Amino acid sequence: MAERSGADAEHRYRPYRQLLVAQVRSQTQYRLSFALDLGFSTILTALDLATLWVLFAVNHSLGGFGARDILLMVGVAAFAFPLADLAVGNTEKLRVYVRSGLFDAVLLRPLSALGQLVAMDFAPRRVGRVLQGAVIYVVALTVAPVRWSAPVAVLVVLAPLVGAVFFAAIFVAGATVAFWWIDSGEIANAFTYGGKDVAAYPMTVFGGLFRRFFAYGLGFAFVAYLPALAMLDRSDPLGTPDWLRWCSPLTSLVVATLAGMFWRAGVRHYRSTGS
């Protein structure tokens, strides 16, 4: 029985693996171009550290937090976001598929539409950002005054992973808007790339209305800010209950579930362009 389940799973996921392999092979065929893409994408992540250095070159603290504390928040976000971008960031091309009618071909195949979008436009050059984000996170854990314990050690491992799930859900939800509004790319980017910037800094630096909507209403505070507070054993200066510092996995699960429901509603709403 177990062997049959394993064989079924292998058969089910083989087409996606073949699409991924073909995509990686095609993008790495031109090695110089691939190396340049990889290098430039890696440099973009380094800009986060440059921004942090500029801020603390003129300030000793930001929102009541020191440089080492904020480096930990930046590290979580800098690792989580590239993981999500590597996995599902290419779903932002959905609007191109909808406008051109290519999404019709996606739906005709006996495969998951979302799985096909992820596999068909997979971008291996984004691996550089993931590696650099991992380095930043490890360095942040080394220099920040983390209060180590068994629960904190588990959180250290889980935080970037559940943060990646959160960002992946935002990517999918942002792309899904294209089923109703094709030219929604900039709006989606405000919540994906803009959300990454919000998540990397203390919520104390943002205004009340923006903070309530973006950080706590949409959940971006649960990506890096609240987990970092738990790792540092600090209470939220804004008065958030301490137990919420440990709720990132639950928040990501809720957001991912809602994004999945939104995606399915979008697919049902889709009408062929006829092109």
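Each residue is numbered by its place in its chain's sequence as written, counting from 1. Local features in this predicted model are restricted to residues whose pLDDT is 70 or higher, and side-chain atom pairs enter the listing and the counts only when it is 80 or higher, whereas totals over whole chains, interfaces and linings include all residues. Heavy atoms throughout the structure, all of them, feed into the side-chain values; hydrogens and water do not.

1. Notes on the overall build of the protein chain
On a plain count of helices and strands, the protein chain comes out with 12 helices and zero strands. Each helix corresponds to a stretch of at least 4 residues labelled H or I by DSSP, and each strand to a stretch of at least 2 residues labelled E; elements are numbered beginning at the N terminus. The linear arrangement of helices and strands in the protein chain, starting from the amino end, is α-α-α-α-α-α-α-α-α-α-α-α. For the protein chain, buried positions account for 45% of its 275 residues. For the protein chain, restricting intrachain contacts to residue pairs at least 6 apart in sequence, the fraction spanning at least 24 positions comes to 76%. Per-residue accessibility takes into account occlusion by the displayed protein chains alone, with areas from the Shrake-Rupley method and a 1.4 Å probe. A total accessible area of about 14100 Å² is found for the protein chain, and carbon and sulfur atoms account for 67% of it. A simple rule labels every residue: compare its accessible area, found with a 1.4 Å probe on the protein chains alone, to the largest value its type can have, and call it buried under 20%, exposed over 50%, or partly exposed in between. Contacts were defined at the residue level, with two residues in contact if any of their heavy atoms lie within 4.5 Å.

2. Things to note about the packing of helix α8 (residues 150-176) against helix α11 (residues 225-232)
Axis separation between α8 and α11 bottoms out at 10 Å; the angle between their running directions is 155°. Comparing the axis directions of α8 and α11 gives the class roughly antiparallel. As for the relative orientation of α8 and α11, their crossing is left-handed in sense. Contacts between α8 and α11 pair V152, L155, V156 and A159 from the former with P227, A230 and M231 from the latter. A fitted line through C-alpha atoms represents every axis, and for helices the fit uses only the stretch in contact; the resulting angles, taken between N-to-C directions, go from 0 to 180 degrees. Orientation labels follow simple angle bins: below 35 degrees gives roughly parallel, above 145 gives roughly antiparallel, 65 to 115 gives roughly perpendicular, and whatever is left gives oblique. The crossing is said to be left-handed when, going from far helix to near helix, the turn is anticlockwise and less than a right angle, and right-handed when the turn is clockwise.

3. Quick look at the nonpolar core
For soluble globular proteins, nonpolar side chains are generally found buried alongside one another. For this analysis, a nonpolar core means a set of buried residues of the types Ala, Val, Leu, Ile, Met, Phe, Trp, Tyr and Cys, connected via side-chain atoms within 4.5 Å. L72, Y137, F167, Y225 and M231 are the most contacted members of the largest nonpolar core, which totals 59 residues. Within the residue set of this core, elements represented by two or more residues are α3 (67-88), α7 (127-143), α8, α9 (185-199), α10 (208-217), α11 and α12 (248-269). Here this core gets 14 residues from one element, more than from any other, and that element is α3. Setting aside its immediate chain neighbours within four residues, M231 contacts L72, V76, Y137, L141, V146, R147, V152, L155, V156 and A159. Formed by 13 residues, the second largest nonpolar core is a distinct cluster that contains Y97, V98, V172 and Y270.

4. Quick notes on the packing of α8 against α12
Between α8 and α12, whose axes approach to 8 Å, the crossing angle comes to 20°. Here α12 runs roughly parallel to α8, going by the angle between their axes. For the pair α8 and α12, the crossing hand works out as left-handed. Across the interface between the two elements, V162, G163, V165, F166, A169, I170, V172, A173 and T176 of α8 pack against S248, P249, T251, S252, V255, A256, A259, F262, W263 and G266 of α12. Considered class by class, the residues forming the contact of α8 with α12 number 13 nonpolar, six polar and no charged. Here the term charged refers only to Asp, Glu, Lys and Arg, the term nonpolar to Ala, Val, Leu, Ile, Met, Phe, Trp, Tyr, Cys and Pro, and the term polar to all other amino acids, Gly among them.

5. A look at unusual backbone geometry
Its identity as a non-glycine residue notwithstanding, D233 has a phi of 60°, on the positive side. In this structure, D233 sits in the loop between α11 and α12. Its relative accessible area of 47% is what places D233 among the partly exposed residues.

6. Re the confidence of the model for the protein chain
Of the residues in the protein chain, 78% reach a pLDDT of 70 or more, and the chain-wide mean stands at 82. Confidence, expressed as mean pLDDT per element, reaches its minimum in the protein chain at helix α1 (residues 2-28) with 56 and its maximum at α11 with 96. Each residue carries a pLDDT value, the predictor's own confidence for that position, ranging from 0 to 100.

7. Overview of the packing of aromatic side chains
Ring pairs (aromatic) are described by centroid distance and by the angle formed between their planes. Pairing of aromatic side chains requires ring centres within 6.5 Å, counting the rings of Phe and Tyr and the six-membered ring of Trp. Pairs whose planes differ by under 30 degrees are stacked, by over 60 edge-to-face, and all others tilted. Tallied over the full model, the rule gives 20 aromatic pairs. Look at F81 and F171: their rings are 5.6 Å apart centre to centre, the planes differ by 40°, and that puts the pair in the tilted class. Here F81, found in helix α3, pairs with F171, found in helix α8; they are 90 residues apart in sequence, far enough to count as distant. The exposure classification of F81 matches that of F171, with both residues buried. Considering the side-chain rings of F191 and F214, the 5.5 Å spacing of their centres and the 10° angle between planes classify their relative orientation as stacked. Remark: F214 occurs in helix α10 and F191 occurs in helix α9; sequence separation between them is 23 residues. Exposure remark for F191: the relative accessible area of 29% places this residue in the partly exposed category. Assessed through its relative accessible area of 9%, F214 is described here as buried.

8. Quick word on the side chain of D236
With respect to the element layout, D236 can be found in the loop between α11 and α12. Among buried charged residues, D236 stands out as having no salt bridge; its nearest opposite-charge side chain is R211, 7.5 Å away. A distance of 2.9 Å separates polar atoms of two side chains, one belonging to D236 and the other to Y216. Leave out the neighbours within four places in its chain, and D236 touches Y216, Y225, L226, L229 and D242. Positive charges come from Lys and Arg, negative ones from Asp and Glu, while His and the chain ends are left out of the count. In what follows, salt bridge is the name for a side-chain nitrogen of Lys or Arg lying within 4 Å of a carboxyl oxygen of Asp or Glu. For this analysis, a polar contact is any N or O atom pair within 3.5 Å, provided that within protein one partner can donate a hydrogen and the other can accept it, and provided that sequence-adjacent residues contribute only side-chain to side-chain pairs.

9. Thoughts on the environment of L155
Considering the arrangement of structural elements, one finds L155 in helix α8. The exposure class of L155 is buried, given its relative accessible area of 5%. Along the sequence, L155 and M231 sit 76 residues apart, while their C-alpha atoms lie 7.6 Å from each other. Look past the residues within four positions of L155 in its chain and what remains in contact with it is P227, A230, M231 and W246.

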